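# An overview of the molecular structure
Below, each chain spelled out in residue letters.
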Amino acid sequence: TIINGTSANDVFVVGDFGDPLPRIVLNDHTGIFTAVSNLVLRGLEGDDTFYLPALAAFPGNVRIEGGEPSASDVLFLAGAATTTGHASTAQIPSW
């Protein structure tokens, strides 16, 4: 499944939100429920922000494509502990 952003600044959130299926929320709109094995999030233009707080709950692969302009997009990941011990303290939106 491919979910495209807009030419403006976009906010993508992938989470379970207490639902049985993972859900993708784009720009505070109604979530898109998905049980696909591969997900592509395309920011396209603008300064985009991607939050994946429940990545461990997503059953497949996620590909992030920030888009233009280069070096202006932000990705926040959370989930299972890593071997590096790093953790994000970013404020994650809740919808």
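Shown above is the structure to which this text applies.
For the structure given in this document, a descriptive report is provided here. (Residues numbered from 1 in each chain as written. Predicted model: local features only at pLDDT ≥ 70, side-chain atom pairs only at ≥ 80, totals over all residues. Heavy atoms only, no water.)

### Things to note about the packing of aromatic side chains
- All told, the structure shown has 2 aromatic pairs when counted by the stated rule.
- Between the aromatic rings of phenylalanine 12 and phenylalanine 50, the centroid separation amounts to 4.7 Å while the plane-to-plane angle is 15 degrees, which identifies the pairing as stacked. Of this pair, phenylalanine 12 sits in strand E2 (residues 11-15) while phenylalanine 50 is found in strand E6 (residues 49-52), placing the two residues 38 residues apart along the sequence.
- Where tyrosine 51 meets phenylalanine 76, the ring centres are 5.0 Å apart and the plane angle is 10 degrees; that geometry is what we call stacked. Highlighted residues: tyrosine 51 in strand E6 and phenylalanine 76 in strand E8 (residues 74-77), separated in sequence by 25 residues.
- Taking relative accessible area as the criterion, tyrosine 51 reaches 12% and is therefore assigned buried. (Phe/Tyr/Trp six-rings, centres within 6.5 Å; stacked < 30°, edge-to-face > 60°. Helix = DSSP H or I, 4+ residues; strand = E, 2+ residues; numbered from the N terminus. Buried < 20%, exposed > 50% of the residue type's maximum accessible area, 1.4 Å probe, protein only.)

### Digging into unusual backbone geometry
- The linkage connecting glutamate 68 with the following residue, proline 69, adopts the cis geometry, with an omega of -15 degrees.
- Note on placement: proline 69 falls in the loop between strand E7 (61-65) and E8.
- If you check the backbone angles, aspartate 28 has positive phi at about 65 degrees while not being a glycine.
- Phi at leucine 44 takes a positive value of approximately 60 degrees, unusual for a residue other than glycine.
- With respect to the helices and strands, leucine 44 occurs in the loop between strand E5 (38-42) and E6.

### Some thoughts on the sheet that holds strand E3 (residues 23-26)
- What the 5 strands build is an open sheet, ordered E4-E3-E2-E6-E8; its pairing is mixed. Every interior strand has two partners, whereas the edge strands, strand E4 (32-33) and E8, have only one.
- The pairing of E2 with E3 spans 4 bridges and is antiparallel. Paired with glycine 15 across the two strands is arginine 23, which belongs to E3. (Pairing = 2+ DSSP bridges.)

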